[in-house]
Each structure stands twice: as structure tokens, then as C-alpha cells.
Amino acid sequence: MRAVAQRVSHASVTVDGATVGEITGPGLMALVGATHSDTRAEAAKIARKLWTLRILEGEKSCSDVGAPLLVVSQFTLYGDARKGRRPTWQAAAPGEVAEPLVDAVVEELRELGAEVATGVFGAQMSVSLTNEGPFTVVLEV
């Protein structure tokens, strides 16, 4: 699994003009993608990594300060544009594989004690955020 974690002071996601997920205050915006071979074990591992990643102010993690996370599914994290000008999405898991894995990341984060907001899997989403720093880290497990 892959994730792009961004330190934010605010982040939200809307679908059809309605806000479906939002966090305020210091926290993380996490775009999460899955590939064909990923399992719930990788989902749990990336969730723990996001929860304990020390990229908030003062080298703190969400677990240290109880900061919220906004998790949004993002199949394009597995896009490959090394050849030509049009990316291929062959490495991205199909929806029936990816959706339960992204859900597992959210479930694991909540079991760890995190406040988690989400987008809507497969929807056309508009994501808005204020990246603090800016600070962005790519994770892969």
C-alpha cells in the first residue's frame, strides 16, 4: 500500500457540493492507494505508520497529540507515467480489492484511537487542504 501524508491545519473533501469529511486543527491528510497484492496486514501496517508518523509540529505524531486524520482513497498513487505521456493504472488494485483495504486502514486507525474523517470511495471528490510547512511524505509498506 502507498500513502501520501501531508501535515495540515485544515482539510476537507466534498462530493456533489456537500462536505463528506473534514478535519481542523493540526492533523494529517492521507491519500491511500492499494495494489493487487496488498492485504489487511499491509493496511494495518500503513495505518500504524500514519498514526505514529512524527511530522507534526515539534516532531510529534497524531498519536502523541490526538490529532485527527482525513483519509481519502487514491488509486492514482499507483499510476505509472514512465513511458509516454499517458499514465497507466495497471498496478492499482481494482475497486473490489482496494475499497476493503482502504476501509481497513480507517478501521485500524480508529481502533488505535484516532479521530478519522473520510472521503467516499470511487466518487468524484474535491479535496481542499492547508498544507503546513509545507510538509509531505510518501509512505509505502
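These lines cover the structure that appears in this document, whether it is placed above or below. (Residues numbered from 1 in each chain as written. Predicted model: local features only at pLDDT ≥ 70, side-chain atom pairs only at ≥ 80, totals over all residues. Heavy atoms only, no water.)

**Re the overall build of the protein chain**
- Check the secondary structure of the protein chain and you find three helices and five strands.
- In terms of overall dimensions, the protein chain is globule-like: its C-alpha atoms have a radius of gyration of 14 Å, near the 14 Å expected for 141 residues.
- Projecting the C-alpha coordinates of the protein chain onto the three principal axes gives extents of approximately 40 × 35 × 25 Å.
- Expressed as a percentage of the 141 residues in the protein chain, the buried residues total 42%. (Helix = DSSP H or I, 4+ residues; strand = E, 2+ residues; numbered from the N terminus. Rg over C-alpha atoms; globule rule 2.2 N^0.38 Å. Buried < 20%, exposed > 50% of the residue type's maximum accessible area, 1.4 Å probe, protein only.)

**Observations concerning the pattern of salt bridges**
- Applying the stated criterion across every chain, the model contains five salt bridges.
- Ionic pairing is found between E140 and R2, a salt bridge with its closest N-O pair at 3.1 Å. Of the two residues, E140 is situated in strand β5 (residues 125–140) and R2 in strand β1 (residues 2–15); the sequence distance between them amounts to 138 residues.
- Of the residues examined, R2 reaches a relative accessible area of 25% and is grouped as partly exposed.
- Across the pair D80 and R82 runs a salt bridge, and its minimum N-O distance is 2.7 Å. (Salt bridge = Lys/Arg side-chain N within 4 Å of Asp/Glu carboxyl O.)

**What about unusual backbone geometry?**
- Cis geometry marks the peptide bond from G133 to P134, where omega comes out at -10°.
- In this fold, P134 is placed in strand β5.
- Unusually for a residue other than glycine, D16 sits at a positive phi of about 50°.
- Here D16 shows up in the loop between β1 and β2 (18–33).
- One non-glycine residue, E59, adopts positive backbone phi at about 55°.
- Its place among the elements puts E59 in the loop between α1 (40–52) and α2 (62–65).

**A closer look at the nonpolar core**
- Core analysis: the biggest nonpolar cluster contains 30 residues, and M1, V32, L50, L69, V71, V105 and L109 have the highest contact counts within it.
- Contributing elements (two or more residues each) for this core: β1, β2, α1, β3 (69–73) and α3 (95–111).
- At seven residues, α3 tops the list of elements feeding residues into this core.
- Residue contacts for V71: discarding those within four places in its chain leaves A30, V32, V102, V106, L109, V116, A117, T118 and G119. (Core = buried A, V, L, I, M, F, W, Y, C linked by side-chain atoms within 4.5 Å. Contact = heavy atoms within 4.5 Å.)

**A word on the layout of surface pockets**
- Computed from the structure, the largest pocket encloses a volume of approximately 300 Å³.
- Lining the largest pocket are 19 residues, and of these S73, Q74, F75, G122 and M125 sit closest to its centre.
- For the lining of the largest pocket, the secondary structure elements donating two or more residues are β2, β3, α3 and β5.
- Counting residues per element, the lining of the largest pocket draws most heavily on α3, at three residues.
- Residues that form the lining of the largest pocket fall into these classes: 12 nonpolar, seven polar and no charged. (1 Å grid on protein atoms, 1.4 Å probe; cavity = no way out; pocket = protein on both sides within 12 Å on 5 of 7 lines; lining within 4 Å. Points joined across faces, edges and corners; volume = space filled by probe spheres on them. Nonpolar A, V, L, I, M, F, W, Y, C, P; charged D, E, K, R; others polar.)

**Looking at the packing of aromatic side chains**
- Counted according to the given criterion, the structure contains one aromatic pair.
- Ring centres 5.4 Å apart and planes at 70° place the aromatic pair F75 and W89 in the edge-to-face group. Taken together, the residues span a long stretch of sequence, with F75 in the loop between β3 and α3 and W89 in the loop between β3 and α3 at a distance of 14 residues. (Phe/Tyr/Trp six-rings, centres within 6.5 Å; stacked < 30°, edge-to-face > 60°.)

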